[in-house]
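Report on the structure
In case you want the letters, here they are:
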There are 4 protein chains.
Amino acid sequence: MPTSTLVALLHGPDQPGIVARVAGWIFERGGNILHADQHRDMEAGIFFQRIEWQPANGNTSADTRAFHDFAAALGMKSRVTSSAHRPRMAVFVSKFDHCFHDLALRWKSGEYACDLVAVVSNHSDLEASASGYGLPYHVIPVTAATKAEGEARQLALLRELDVELVVLARYMQVLSDDFLKKFARPVINIHHSFLPAFAGGRPYHQAAERGVKLIGATAHYATAVLDDGPIIQQDVTRVTHRHGVEDLVRKGRDLEKIVLAQAVRWHLENRVLVYGNKTVVFD
Amino acid sequence: MPTSTLVALLHGPDQPGIVARVAGWIFERGGNILHADQHRDMEAGIFFQRIEWQPANGNTSADTRAFHDFAAALGMKSRVTSSAHRPRMAVFVSKFDHCFHDLALRWKSGEYACDLVAVVSNHSDLEASASGYGLPYHVIPVTAATKAEGEARQLALLRELDVELVVLARYMQVLSDDFLKKFARPVINIHHSFLPAFAGGRPYHQAAERGVKLIGATAHYATAVLDDGPIIQQDVTRVTHRHGVEDLVRKGRDLEKIVLAQAVRWHLENRVLVYGNKTVVFD
Amino acid sequence: MPTSTLVALLHGPDQPGIVARVAGWIFERGGNILHADQHRDMEAGIFFQRIEWQPANGNTSADTRAFHDFAAALGMKSRVTSSAHRPRMAVFVSKFDHCFHDLALRWKSGEYACDLVAVVSNHSDLEASASGYGLPYHVIPVTAATKAEGEARQLALLRELDVELVVLARYMQVLSDDFLKKFARPVINIHHSFLPAFAGGRPYHQAAERGVKLIGATAHYATAVLDDGPIIQQDVTRVTHRHGVEDLVRKGRDLEKIVLAQAVRWHLENRVLVYGNKTVVFD
Amino acid sequence: MPTSTLVALLHGPDQPGIVARVAGWIFERGGNILHADQHRDMEAGIFFQRIEWQPANGNTSADTRAFHDFAAALGMKSRVTSSAHRPRMAVFVSKFDHCFHDLALRWKSGEYACDLVAVVSNHSDLEASASGYGLPYHVIPVTAATKAEGEARQLALLRELDVELVVLARYMQVLSDDFLKKFARPVINIHHSFLPAFAGGRPYHQAAERGVKLIGATAHYATAVLDDGPIIQQDVTRVTHRHGVEDLVRKGRDLEKIVLAQAVRWHLENRVLVYGNKTVVFD
């Protein structure tokens, strides 16, 4: 089986020779490039790259620091991750369970290279399901009145567990700007519409009202502006006049699962690079 | 080959026995039902039906009137059309020609059971193309200053030609509410986004700006509110960060063609029933 | 909420007035038609219909028999089912668990109007998972040498439990013609390719070998000819040269789940009518 | 606007440092890499790359030769093309015109960077259409009896015109192995099924007979084995029991157009690399 590899995501001002320089740096240190994918935003003059390599002698931690410095010297921001690192993930849920089961089953089957360390909910409804998967379940009630306190408890838990990724699996609360700033790590949300259409509440009702012929789901990083963060993945499915709101909800569940699962997978594989309010997904 | 058939589109308050009553009425007059498709909006209590039959003795015009009266007696609105009737269609264009060529080629190949009687444009750019298809081309300039006058000339032409359907094939002018009221017949527009996302101008630029992962096209009946009329058909195609605005425009052309072509086809086959701001499409 | 309804699936030689006659029969007995969908195979001269109605006074069992006789008098085969009836379903599994979890979760969430009465397997691998859902699990080993005996035990179990539908959820054994004849009730299988391409074993390997750009999944009724029964549902997903066989397997799992789930749903809602080696799906 | 660029497609035995070596070679000669995309077939141990760069001083012809030698020294096969080069393309047609119109319109609109130098047909049916686009039309009759002679005339014409790509736009004759060997340049064919399902004649009839729920189209390079060459692109569309063979034919036309157009585009942009009986498409 392959030894550890490193994956770097880097971006910064485009410059002549950048592809050769990065490849050369790795080569000179005895590394072997397995995958390299780059993109140029011609208008903005930005260069983006995802590059994966086997460092000589499995020397991952030294190379991680060294690559970071090298990229910085080129004026590039970089994030370097070892394939041996398993990020620690928490899933937030409320009462809907379809996305939760989908994520938990994928995780159990080994589809996700991460540790699912906590399920956090404002309700106890999914506690038995979480136990069935052997997952620790934390009930932290959040109401309009107790939001600040609830978020403080959530943050304390995430820090204690050193959680590196939060996935909102149809969690029905909006995380405050303050929470996001303090957590300062990625939060992936699934919204049950084809954003930017039908942002906000009850998107399936909005879709039925408008008479659209396709409904969608959108996985995005949560930001301070509701349903407006960088989009990672979207998909749609066809509906007709025969489908009432309940049918949209049912059909939408399958969409939500598949779109969220794909976004989480890409994130965990270090394929998603955020810039401005958009993403580059190296798939 | 089949003799003439009649197609009725009817809708009105749902009532017990309505399916049997309509079928019975046709049967008693010696008609043979070929297709029947119905829908109930349970919430609104409305019944919708598309029914196609061969009247006895090919007695289409008498049956047309009689069915209309019968439906009215049940409190239903109806539109009855003979398959022998070829509606008269006009296509409005500006400078983009992809939807125009697509419609003209489908029409020439016999895919549309209609007479394409006029191409109307505010520019002369597509005149040679229209001539190549043997289609009369009318240049009627429309500017902010001459809009009222231009629309009056357009209306006069449509009336003179007894046009029953106008298709806006990437026509870059907004038809005024006054025009739509006076024409009082269906106008189908193609908008180059997945409505309600990115209504208004430059939707591909808006899409690129927002970083969506799918772009769409929407065919809808034009109403007084821009890009807000009843949606007939929509479709999407996948895009990535690699696609700049020009790529979206190019990929979008294929979407626009196919979505508009399908909407026009359904309309011509009397498969589209409008109610409120939505459509029932009996496909 | 609605009282019990009846759903009839009927087909037989096309004849003038058939739509009106069926509707009239229901109407005369005080029934109210909720949905009616019909199809004519013009070439073969066959009429197909799915019709759903509320019988007067909730008189479902009398109407069931009477409708059957009425259809027979028209030369039509019919199957009439009450919405109050919950079919008894068994799921056959081997070692892959994704389709099993998907079906079990949909059933638990109330998406399927059936009783899931048994999980049958030639291995014990999924026993704990079945227990987690509270489902009885029966290990009946089947090898080349013990196939006849194993199938006899399976049949005895299915009869004892009065199972009306068997779903093969990636069950890795081929059911013998003898088994299918003796069971004489529907068996739905999921095959992991876009049939008729890549029938038989290792379809993802075949797909990778051939270099196709889409992979598929097919849900069909099992017949004596392997992977050749009437197709209920199919879908595909895009792959590229970057996807090795393992990726096809992973991506295929999501396809298999969704295609099988849809086919089972349509079957349970009495929407699937088999004729010849094809299906009419009234969706 | 960008000056001329070079695109190299190369493949050969995988080797450590290959990405860095190629990038380094270009960099050392003053070139600026615009795009680079690579793939490893891990099982077969083959490395594939598409790399596009601006050579120093626009020195394209010297760099073309030099790169070819450099790649050969690494044991790699390569094809290097200047963006200034417009390949000469011929389209073969019979009587169906939809793919022909689609290609011709895309070419006229500037979507294809090639010279469409000839339309070749075994019938005169599309002569007027070709004239409308200003395209030279060559009638070369081909029957079972005259096939060898017809193909000899076709080959002579292709050589005289220095044609570099032949597109079979629903050309209803099979090109002989002898023709393909002598032409020895790429020939792209569109087959109206989702290969390998329904190879050979009358695929829509085969599809209707089998009762599939999706129909497809496949663009592939023509080889000596009918409908078995390396697949470039495929797509499908949904059909139901309501669609007779004529509907499949009509719906299939739209698929054929879009699939063939995409394959031709990728080929012209030097994005398709053939190995074994498969393609790597760098899109």
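Residues numbered from 1 in each chain as written. Chains lettered and ligands numbered in written order. Predicted model: local features only at pLDDT ≥ 70, side-chain atom pairs only at ≥ 80, totals over all residues. Heavy atoms only, no water.

**Section: the side chain of arginine 265 of chain A**
To keep things clear, this is the line we draw: Runs of E in the DSSP output that reach at least two residues are strands. Runs of H or I that reach at least four are helices, and both are numbered from the N terminus. When a residue's accessible area, from a 1.4 Å probe over protein chains only, is under 20% of the maximum for its type it is buried; when over 50% it is exposed; and in between it is partly exposed. Contact definition: two residues touch when any of their heavy atoms are within 4.5 Å.
Tracing the backbone through its elements, the reader meets arginine 265 of chain A in helix H8 (residues 245-268). When its relative accessible area of 11% is taken as the criterion, arginine 265 of chain A is described as buried. Excluding residues within four positions of it along the chain, arginine 265 of chain A makes contact with Glu111 and Tyr112 of chain A together with Arg250 of chain C.

**Concerning the nonpolar core**
Operational definition: Residues belong to a common nonpolar core when they are buried Ala, Val, Leu, Ile, Met, Phe, Trp, Tyr or Cys residues joined through side-chain atoms within 4.5 Å.
In this structure, Phe100 of chain A, Phe100 of chain B, Phe100 of chain C together with Phe100 of chain D are the most contacted members of the largest nonpolar core, which totals 189 residues. Beyond its immediate sequence surroundings of up to four residues, phenylalanine 100 of chain B is in contact with Val91, Val93, Val119, Leu126, Ser129, Ala130, Tyr133, Leu135 and Ala169 of chain B.

**Looking at the relation of the copies chain A and chain B**
Let me state the cut-off plainly: The copies were overlaid with a least-squares fit restricted to C-alpha atoms from residues scoring a pLDDT of at least 70 in each copy.
Superposing chain A onto chain B takes a rotation of 180° plus a shift of 0.0 Å along the axis, which leaves an RMSD of 0.0 Å. Those values place the two copies in the arrangement expected of a two-fold rotation axis. Identified as the residue of chain A closest to the rotation axis by C-alpha distance is alanine 197 of chain A, at 2.4 Å. In this assembly, 100% of the residues forming the interface of chain A have copies in chain B that are likewise at the interface, indicating an isologous arrangement.

**Considering the relation of the copies chain D and chain B**
Each copy of the sequence occupies a distinct position, and chain D is placed on chain B by a rotation of 180° and an axial shift of 0.0 Å, giving an RMSD of 0.0 Å. In this assembly the copies share their binding face: 100% of the residues contributing to the interface of chain D also contribute to that of chain B.

**With respect to the pairing of strand E3 (residues 46-54) of chain C**
Residue and element names in this part refer to chain C. Quick reminder of the rule: When DSSP finds two or more bridges between a pair of strands, those strands are recorded as paired.
For E3, the tally of buried residues reaches seven of nine residues, placing the bulk of the element in the interior. Examined bridge by bridge, strand E1 (residues 6-13) and E3 share eight bridges and lie antiparallel to one another. Pairing of leucine 10 across the sheet is with glutamine 49, part of E3. As paired strands, strand E2 (residues 32-41) and E3 are joined by nine bridges and run antiparallel to one another.

**Here we look at the packing of aromatic side chains**
Residue and element names in this part refer to chain A. Basically, it comes down to this: Side-chain rings of Phe, Tyr and Trp, where Trp is taken by its six-membered ring, are said to pair if the distance between their centres is within 6.5 Å; with planes under 30 degrees apart they count as stacked, over 60 as edge-to-face, and otherwise as tilted.
Taken as a whole and judged by the stated rule, the model has 34 aromatic pairs over all chains. With a centroid separation of 5.3 Å and an interplanar angle of 80°, the aromatic rings of tryptophan 25 and phenylalanine 67 are classed as edge-to-face. Of this pair, tryptophan 25 sits in helix H1 (residues 18-28) while phenylalanine 67 sits in helix H2 (residues 60-73); the two residues are 42 residues apart in sequence, bridging distant segments of the chain. With respect to burial, tryptophan 25 and phenylalanine 67 carry one shared label: buried. An aromatic cluster is present here, built from Trp25, Trp53, Phe67 and Phe70 joined pairwise through their rings.

**Observations concerning the environment of aspartate 283 of chain B**
With respect to the secondary-structure elements, aspartate 283 of chain B resides in the segment after strand E13 (278-281). For aspartate 283 of chain B, a relative accessible area of 54% translates into the label exposed. Sequence separation between aspartate 283 of chain B and aspartate 235 of chain B is 48 residues; the distance between their C-alpha atoms is 16 Å. If we skip the residues at most four places from it in the chain, aspartate 283 of chain B touches Asp37, Trp266 and Arg271 of chain B together with Arg242 of chain D.

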